[in-house]
Structures are given as C-alpha cells and as structure tokens.
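Structural characterization, general
Here is how the chains run, residue by residue.
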Amino acid sequence: MTSKQPATELDARYSSALNPRPGARDVTATDWSEVQDRLRTAEVFWITTVRPDGRLHVTPLIAAWHDGALHFSTGTGEQKAKNLAGDPRCALTTGRDTLAGGLDVVVEGTAERVTDPARQDEVIAAFEEQYGEHITSPSGVFHGFGATIRTGDDLLYAVRPGTAYGFGHDGQAFSHTRYTF
C-alpha cells in the first residue's frame, strides 16, 4: 500500500512567507515526499502519550516508516504501553536540535497494535533496513528486536498520520507545513 497523499498547506503565520527575512521570500510548503524521506532516515523519535490522569508522557524510541505509517514497539509493562491501552492517541516527533538547517516532523495519530505475523515481518524488515547493524548485528544495540515482537514480549504499533507537520528551517528561512489526511 502506498502512502495516502495529504492536503498540504503552508501556514504563513509561522513561516517566513508573511514575515520575510532576507533570502526567505520564496518559502513554500515542504513536499510530503520530503517528509517521508525524513521519516525513513531518522534514527531517534520521541513519542508523546497520555497517562490515565491526563498527564503527558514523553520518551525517545526508534520508529520505522512503512506502508504509510510510523511503527514502533514497546514492552508490555512500559508506561507508553499502559497509556496506549487507555488512550491510543499519540504524537511522534523527529528532527534536529539546531536552527541552522533541517526538517523537524510531527506525526499525530492513533496507535493500533500490529498482530498479524506477516505484517509484523514486513515491519521488522523495515526496521532492519532503517537501522541496519543496530538491529541486525549481534553486537547491535537493538539486536533481537524482531524476536521480541514475534514472541509478544514487545508490542508493535502503527500510527497512520491524522495530521502531520513539517517545520523546515535553514538559518533565517522557516516554513511550517500542515498535512491533513
């Protein structure tokens, strides 16, 4: 399945388009394909979930973009698993920690468990492609990742974007693009 193409809108309130700085007059919306490329190459993501009492829980994790969704895993007893059991809405973010350049991405959606073994294998292959030796090498940080999903020791989730945002920045030029699915 290919990724659904979203409605794309440059939000000029937060972009250099309405308040141009030198070199930023031609700011345009970031193409969805560029966001997908970023999701395929990022190594660190942050997930935000909601605790039963309404407080937010934010933690880093690895995620893989596959078949129009971001996928991640978590142990059955971890806080994010407990939170998602009560409220599956979440946001995943990735980007850079600098204003000098780059693209920061936010994906908002609903986490759904992936339990079909064939689909799990597809997603595990996507993780292996994205993270390489971190997962495939016996000395890799996440070695055994696929096995823990297959045995059910880790839960695999998919988040299809409901809304996503791309925050492009290159020195003085900023763009804020909203993608609605």
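Quick notes on the rules
For every chain, the first residue of the written sequence is number 1, and numbering continues from 1 onward in sequence order. Given that the model is predicted, a residue must reach a pLDDT of at least 70 before its local features are reported, and side-chain atom pairs must reach 80 or more before they are shown or counted; all residues, however, enter totals for whole chains, interfaces and linings. The basis for every side-chain value is the complete set of non-hydrogen atoms in the structure, without hydrogens or water. A run of H or I in DSSP becomes a helix once it reaches four residues, and a run of E becomes a strand once it reaches two; helices and strands are each numbered from the N terminus. Burial status follows relative accessibility: with a 1.4 Å probe on protein chains alone, a residue under 20% of its type maximum counts as buried, one over 50% as exposed, and anything between as partly exposed. A pair of strands is treated as paired once DSSP finds two or more bridges between them. Any Lys or Arg side-chain nitrogen located within 4 Å of an Asp or Glu carboxyl oxygen qualifies as a salt bridge.

Despite not being glycine, Asp 67 shows a phi value in the positive range, around 55°. Tracing the chain through its elements places Asp 67 in the loop between strand E4 (64–66) and strand E5 (69–75).

Judged by which residues are buried, strand E3 (residues 56–61) turns out to be one-sided: His 57, Thr 59 and Leu 61 face inward and are buried, whereas Leu 56, Val 58 and Pro 60, on the alternate face, are not. Pairing analysis gives six bridges linking strand E2 (residues 45–50) to E3, with the strands arranged antiparallel. When the sheet's bridge partners are listed, Val 50 is paired in E3 with Leu 56.

Looking now at the pattern of salt bridges. A full pass over the atoms with the stated rule returns six salt bridges. Across the pair Asp 53 and Arg 55 runs a salt bridge whose closest N-O atoms are separated by 2.8 Å. Classification of Asp 53 by relative accessible area gives exposed; the value is 53%. Residue Arg 55 is classed as partly exposed on the basis of its relative accessible area, which comes to 49%. Salt-bridge contacts for Asp 121 lead to Arg 150; the nearest nitrogen and oxygen are separated by 2.9 Å. Here Asp 121, found in helix H3 (residues 117–131), pairs with Arg 150, found in helix H5 (residues 145–151); they are 29 residues apart in sequence, far enough to count as distant.

The next thing to look at is the pairing of strand E8 (residues 154–170). Regular strands show a simple pattern: their side chains alternate between the two faces of the sheet. Across the 17 residues that make up E8, a large majority, twelve, are buried. Bridging between E5 and E8 involves six bridges; their strand directions are antiparallel. Bridge pairing links His 71 to Ala 158 in E8. When strand E7 (residues 102–113) meets E8, the two strands line up antiparallel, connected through twelve bridges. Bridging across to E8, Val 105 finds its partner in Gly 166. Sheet analysis places E8 next to strand E9 (residues 173–180), joined by eight bridges and oriented antiparallel. Bridge pairing in E9 links Gly 166 to Thr 177. Here E8 folds back onto E9 in antiparallel fashion, the turn holding two residues, of which Gly 171 has a positive phi close to 70°.

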